[in-house]
Structure formats: C-alpha cells, structure tokens
Amino acid sequence: DAGITQSPRHKVTETGTPVTLRCHQTENHRYMYWYRQDPGHGLRLIHYSYGVKDTDKGEVSDGYSVSRSKTEDFLLTLESATSSQTSVYFCAISERTGGYEQYFGPGTRLTVT
Amino acid sequence: RKEVEQDPGPFNVPEGATVAFNCTYSNSASQSFFWYRQDCRKEPKLLMSVYSSGNEDGRFTAQLNRASQYISLLIRDSKLSDSATYLCVVREGKLIFGQGTTLQVKP
C-alpha cells in the first residue's frame, strides 16, 4: 500500500469553527489531491497541488483552502465549517499529472453540527 | 447530465455468478478509463485500467466502447470477497468519478 496517512481520522466540530485536515505521504509523489465523497455523488475534487506551494481549485472549492509547504504534506482547511461540509474527505497522490493512477489515503470522516 | 453515470445497484448475485456493470461518460474527448474498487468505509483502490482493445485480469474483464461512450466491467465466478462498490473513472485532464455500483455477493 502507498504510504499515505490522514489526520484526524474522525472529527466532530461545530458550525462556524475552522478545521484543518492533514494528508502526509512518504512516496515523494509530486501531485496531491483532496476529494470529498457524499452519498449520491462520486468523489469530487476540492483542490489539488502540483508541487510545493503550487495549488489549484477543483470543482467544489468554495469554503476550502489548501496549503503545501513540503512535498509530503498537503493541508485542507475549512475556513468556517458548515453542515454542508459534513462528508468523508480523501487525500490522494499520483506520480504524473492529469490524474493518472491515484493512491488514496484512508479518509477523514468530518461531521459539522 | 452527469459526466460519468453508473447504475448504483445494488446488484445481489450468488457466489459463482457472472455479473456485468456498465458506465457511460459524456465527454467524447475523455482520455483514459479506469475501474476502482471501494470497500465499505474504506478508500478507493485501482482495480484495473481500461484499454481500447479490452483487457482481462483474472476473473475481471474491462471493455471500452468509444463510439457509444461506455465502459463495462465483467466479473466471472463471483466470490464473497468481490462484494464492494465499483467506481467507473474517466480521465479528462483530471479524474472524474462515477458514484459507483454496489455489488453484494451472497453465499
């Protein structure tokens, strides 16, 4: 299995609070992604990174920001959590651009009350 | 119209059965195609890529029909361990995921 960890694995937070999720990889892959997965939807891309300090928006980026200060770490921040952001969040990595084979982390279950 | 559409199922089949899933995609310029497998409450994992000529990996066969814009996955001799959700994935620059088809294999 690819070396990807996510923390925390579970979190319950209140509406309006900021939340940061961490993705850590040991594979030295250049590309990293944050997705959310909700019932009735496929995995939806929130943000992605193509290198240290290089990030871009995905299809559902409103209310989220990211940072990548090191190759191995990609942080996702919910600036002011809302109930609509209750979801399972997956981090993924890939060696090549364009989203070739991606390896996923174990996911973070976030509940916003 | 969703970019990648799958029948969510569930497909309930007995052990040993053959089952097939289809997936349609909307963008004729899509570049690559994959099937991922996701076990309950786990992360998705690549099952197989789908090539234009079709490809097989053990009991699994994937087919691509570009003219009709659909992808299929055939599972022969189903095992209990095949129970999972199968995600159809299309690459259009980035990966676009279908919502998945759930398979439940019964003893």
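What comes next is a walk through the structure. In this convention, every chain numbers its residues from 1, walking through the sequence in written order. Think of it this way: whatever chain is written first is A, whatever ligand is written first is 1, and the rest follow in order. Residue-level local features of this predicted model are given only where pLDDT is at least 70; pairs of side-chain atoms are given and counted only at 80 or more, and the full residue set underlies all totals for whole chains, interfaces and linings. To get the side-chain values, all heavy atoms of the structure are used, and hydrogens and water are removed first.

**Some points on the overall build of chain B**
Looking only at helices and strands, chain B features 0 helices and 11 strands. For the radius of gyration, the atom set is restricted to C-alpha positions; the globular benchmark scales as 2.2 Å times the number of residues to the power 0.38. For chain B, whose C-alpha radius of gyration is 13 Å, the value lies close to the compact-globule estimate of 13 Å for 107 residues. A principal-axis box enclosing the C-alpha atoms of chain B has dimensions of 40 × 30 × 20 Å. Burial classification: accessible surface area is computed with a 1.4 Å probe over protein chains only, and a residue below 20% of its type maximum counts as buried, one above 50% as exposed, and the rest as partly exposed. Considering chain B as a whole, with its 107 residues, one finds that 48% of them fall into the buried category. Within chain B, contacts between residues separated by at least 24 positions form 56% of all contacts whose residues are at least 6 apart in sequence. Only the protein chains shown count as covering a residue, and every accessible area follows the Shrake-Rupley method with a 1.4 Å probe. Summed over its atoms, the accessible surface of chain B is roughly 5,100 Å², and 46% of this surface lies on carbon and sulfur atoms. The numbering of helices and of strands both runs from the N terminus, where a helix is a DSSP run of H or I of at least 4 residues and a strand a run of E of at least 2. Contact criterion: two residues are considered in contact whenever any of their non-hydrogen atoms come within 4.5 Å of each other.

**Remarks on the state of the cysteines**
Residue and element names in this part refer to chain B. When two cysteine sulfur atoms lie within 2.5 Å, the pair is treated as a disulfide. Tallied over the full model, the rule gives 2 disulfides over all chains. Here Cys 23 engages in a disulfide with Cys 88; their sulfurs sit 1.9 Å apart. With the S-S dihedral at roughly -70 degrees, the linkage between Cys 23 and Cys 88 falls on the left-handed side. Taken as a pair, Cys 23 in strand S3 (residues 19-25) and Cys 88 in strand S9 (residues 84-92) lie far apart in primary sequence, 65 residues in all. The two residues Cys 23 and Cys 88 agree in class, both being buried.

**Points about the pairing of strand S4 (residues 32-38) of chain B**
Residue and element names in this part refer to chain B. Taking burial as the measure, the 7 residues of S4 include 7 buried ones, the bulk of the element. The side-chain alternation of S4 yields two buried faces, one formed by Ser 32, Phe 34, Tyr 36 and Gln 38 and the other by Phe 33, Trp 35 and Arg 37. Only strands joined by at least two bridges in the DSSP assignment are considered to pair. Strand direction decides the pairing type here: S4 and S9, joined by 7 bridges, are antiparallel. Each residue of the ladder has a partner; that of Phe 33, found in S9, is Val 90. Taken together, the 6 bridges between S4 and strand S5 (residues 44-50) define a ladder with antiparallel strand orientation. Among the inter-strand pairings, Tyr 36 is bridged to a residue of S5, identified as Leu 46. What sits between S4 and S5 in their antiparallel hairpin is a turn of 5 residues, with Arg 41 showing a positive phi close to 65 degrees.

**Topic: the interface of chain B and chain A**
Listed by partner, the interface residues are 17 residues for chain B and 18 residues for chain A. Accessible surface is computed with a 1.4 Å probe, and the buried area is the amount of it that two parts give up when combined, taken over both parts together. Approximately 1,500 Å² of surface area, both sides summed, lies buried where chain B meets chain A, with 53% of it carried by carbon and sulfur atoms. On the chain B side of the contact with chain A, Arg41(B), Glu43(B) and Phe97(B) bury the most area, a combined 28% of that side's loss. We define a salt bridge as a contact between a side-chain nitrogen of Lys or Arg and a carboxyl oxygen of Asp or Glu at a distance within 4 Å. Along the contact surface separating chain B from chain A lie 0 salt bridges. Here a polar contact means two N or O atoms within 3.5 Å. Within protein one must be a hydrogen donor candidate and the other an acceptor candidate, and residues neighboring in sequence count only if both atoms are side-chain atoms. Run the count over chain B and chain A and you get 2 residue pairs in polar contact (both at pLDDT 80 or more). Listed by contribution, the elements that provide at least two residues to the side of chain B that touches chain A are S4, S5, S9 and strand S10 (94-97) of chain B.

**Overview of the layout of surface pockets**
Quantified by volume, the largest pocket comes out at close to 610 Å³. Around the largest pocket sit 31 residues that line it, and Gln37(A), Arg109(A), Gln38(B), Arg41(B) and Thr85(B) are the ones nearest its centre. Cavities and pockets were defined on a 1 Å grid built from protein atoms only: a cavity is a group of points that admits a 1.4 Å probe but offers it no way out, a pocket is an open group of points flanked by protein on both sides within 12 Å along at least five of seven lines, and a lining residue is one with an atom within 4 Å of any such point. Grid points are joined across faces, edges and corners, and a volume is the space filled by probe spheres set on the points.

**Side note on the sheet that holds strand S7 (residues 64-70) of chain A**
Residue and element names in this part refer to chain A. Pairing in this open sheet of 4 strands is antiparallel, and the strands run S1-S3-S8-S7 from one edge to the other. Each edge of the sheet is formed by a strand with only one pairing partner; in this case those strands are strand S1 (4-7) and S7. Direction aside, neighbouring strands of the sheet carry axes that sit 20 degrees apart on average. A fitted line through C-alpha atoms represents every axis, and for helices the fit uses only the stretch in contact; the resulting angles, taken between N-to-C directions, go from 0 to 180 degrees.

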